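# Per-entry structural report
Letter by letter, the chains look like this.
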Amino acid sequence: MKIVTYNVNGIKARLPRLIEYLTEAQPDVVCLQELKSSDETFPEAEIRAAGYGAVWHGQKGFNGVAVLAKGVDPVERQRGLAGEPEDEHSRYLECEVFGLVIASIYLPNGNPVPGPKFDYKLRWFERLQARARALLAEERPVILAGDYNVIPNDDDTFSVKAMAADALMQPESRHGYRALLAQGWTDALRTRHPKGGVWTFWDYQAGAWQRDAGFRIDHLLLSPAVADRLAEAGVDKDHRGREKASDHAPTWVRLR
DNA sequence: ATGTCTAGCAATGCTAGA
């Protein structure tokens, strides 16, 4: 079973690429982020025609997350995180499908540092930690998949120096991520590629793709019941090099 | 160090967000 997280950077602009990916890779589940689409304009018909059911949590202009599943509609469990009722960003969608609980997560970027956007990122992290703790207590197979906007370790970026001032690499951001791991979640990519050097994002600017100047910010965190079934983890990097590609590549785990 | 891309609004150019 192949489970994917893919920040599409605009689902309408990316639709040909997404359909192509579903057709070629035939993933069982895909968590999408940055739909940049309202609920009304989500391209449900095209995704259904490609053989996938979908649940989505959209927002006009930016953010937006979805969960797709091959041949079936995922069953929604929760949209949004508790703890900040005035927060209207669409960044969390939790579903059940194929016996798994799967959440599509789009953590705030948090730039510039310091500032209200960085403060919001850290508060959102705490809200996610609370939800993650509750999910672990269910003792079920759970995957928290998404764009965490965190570079967890120094060997998860092409350049520590270039990223030093960025919200993605601040100690507070890394602490938020490590606090999740400390709860008992497994970073699937890290487990399979312990020496680092695996990127999931390459900026559109400054020839980042051509220079392979990327970093790892898309993560799949596995509950113990899923970690036992982890067979492989990787990045479908070639999709980043295609015409009109997203700045993120699909990132995946294969489960037994 | 900001060289790119997407979307929205309004109007074919700008702004915001990343």
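To keep things clear, this report deals only with the structure shown in the data block.

Conventions used here
- Residues numbered from 1 in each chain as written.
- Chains lettered and ligands numbered in written order.
- Predicted model: local features only at pLDDT ≥ 70, side-chain atom pairs only at ≥ 80, totals over all residues.
- Heavy atoms only, no water.
- Helix = DSSP H or I, 4+ residues; strand = E, 2+ residues; numbered from the N terminus.
- Polar contact = N/O pair within 3.5 Å; in protein donor to acceptor, adjacent residues only side chain to side chain.
- Near = heavy atom within 4 Å.
- Nonpolar A, V, L, I, M, F, W, Y, C, P; charged D, E, K, R; others polar.
- Pairing = 2+ DSSP bridges.
- Axes fitted to C-alpha atoms, helices over the stretch in contact; angles between N-to-C directions.
- Contact = heavy atoms within 4.5 Å.
- 1 Å grid on protein atoms, 1.4 Å probe; cavity = no way out; pocket = protein on both sides within 12 Å on 5 of 7 lines; lining within 4 Å.
- Points joined across faces, edges and corners; volume = space filled by probe spheres on them.
- Buried < 20%, exposed > 50% of the residue type's maximum accessible area, 1.4 Å probe, protein only.
- Arc of directions from axis to C-beta.
- Phe/Tyr/Trp six-rings, centres within 6.5 Å; stacked < 30°, edge-to-face > 60°.
- Lys NZ or Arg CZ within 6 Å of the ring centre and 35° of its normal.

## A few points about the environment of Thr251
- Along the chain, Thr251 turns up in strand β14 (residues 251-255).
- Sequence separation between Thr251 and Ala145 is 106 residues; the distance between their C-alpha atoms is 9.2 Å.
- At 3.1 Å, the side chain of Thr251 forms a polar contact with the backbone oxygen of Ala249.

## A look at the protein's contact with DNA strand B
- The environment of DNA strand B is made up of 18 residues, and the closest members are Ala13, Arg14, Lys60, Tyr204 and Gln205.
- Looking at DNA strand B alone, sugar and phosphate atoms form 67% of those within 4 Å of the protein.
- For DNA strand B, a phosphate oxygen lies 3.1 Å from a polar atom in the side chain of Arg14.
- In this structure, a sugar or linking oxygen belonging to DNA strand B sits 3.3 Å away from a main-chain N or O atom of Tyr204.
- Partitioning the surface near DNA strand B into residue classes produces five nonpolar, five polar and eight charged.

## A short note on the sheet that holds β14
- Taking strand neighbours across the sheet as the criterion, the six strands line up as β3-β4-β2-β1-β14-β13 in an open arrangement whose pairing is mixed. Of all strands in the sheet, those with a lone pairing partner are β3 (52-57) and β13 (230-235), marking the two edges. Strand-to-strand twist across the sheet, computed as the mean angle between neighbouring axes with direction ignored, equals 15°.
- Pairing geometry for strand β2 (residues 29-33) and strand β4 (residues 65-70), over five bridges, is antiparallel. Counted as the bridge partner of Cys31 is Val67 from β4.
- Against the sheet, helix α1 (residues 15-25) engages β1 (2-7), β2, β3 and β4, with an angle of about 165° to β1.

## With respect to the layout of surface pockets
- The space that makes up the largest pocket amounts to roughly 360 Å³.
- What lines the largest pocket is a set of 24 residues, among which Asn109, Leu168, Phe201, Asp203 and Phe215 lie closest to the centre.
- Each residue belonging to the lining of the largest pocket can be placed in one class, and the counts come to 11 nonpolar, six polar and seven charged.
- When its volume is computed, the second largest pocket comes out at roughly 170 Å³.
- Taken together, Glu34, Phe62, Asn63, His89, Arg91, Tyr106, Pro108, Asn109, Gly110, Asn111, Lys117 and Tyr120 make up the full set of residues lining the second largest pocket.
- Here the lining of the second largest pocket is built from residues that sort into four nonpolar, five polar and three charged.

## Quick notes on the environment of Gln129
- Mapped onto the secondary structure, Gln129 falls in helix α3 (residues 116-137).
- For the pair formed by Gln129 and Ala179, sequence separation is 50 residues and the distance between their alpha carbons is 7.6 Å.

## Observations regarding α1
- Every buried residue of α1 is accounted for by Leu15, Arg17, Leu18, Tyr21 and Leu22. Across the axial projection of α1, the buried residues extend over an arc of 165°, all falling on one side. Seen from the buried face of α1, the exposed residues on the opposite side, beyond 90 degrees, are Pro16 and Thr23.
- Contacts made by the buried residues of α1 are with β1, β2, α2 (44-49), β3 and β4.
- Following α1 by one or two positions, Gln26 adopts a phi angle in the positive range, close to 50°.

## Details of the packing of aromatic side chains
- Here the structure, examined in full by the defined rule, presents five aromatic pairs.
- The interplanar angle of 10° and the centroid separation of 4.3 Å between the aromatic rings of Phe42 and Trp56 together place this pair among those described as stacked. Residue Phe42 is found in the loop between β2 and α2, and its partner Trp56 is found in strand β3; the two are separated by 14 residues along the sequence.
- On the basis of relative accessible area, Phe42 is assigned to the buried category, the value being 6%.
- Ring geometry for Tyr148 against Tyr177: centres 5.6 Å apart, planes inclined by 85°, an arrangement best described as edge-to-face. Taken as a pair, Tyr148 in the loop between β8 (142-147) and α4 (160-163) and Tyr177 in helix α5 (residues 171-183) lie far apart in primary sequence, 29 residues in all.
- Note on Tyr177: relative accessible area 1%, which makes it buried.
- The positively charged end of Lys2 is found above the aromatic ring belonging to Trp252, 4.8 Å away from the centroid.
- For Arg254, the ring lying beneath its charged end belongs to Trp252, and the centroid distance is 5.8 Å.

All quantities given are derived from atomic positions and should not be read as evidence of function.
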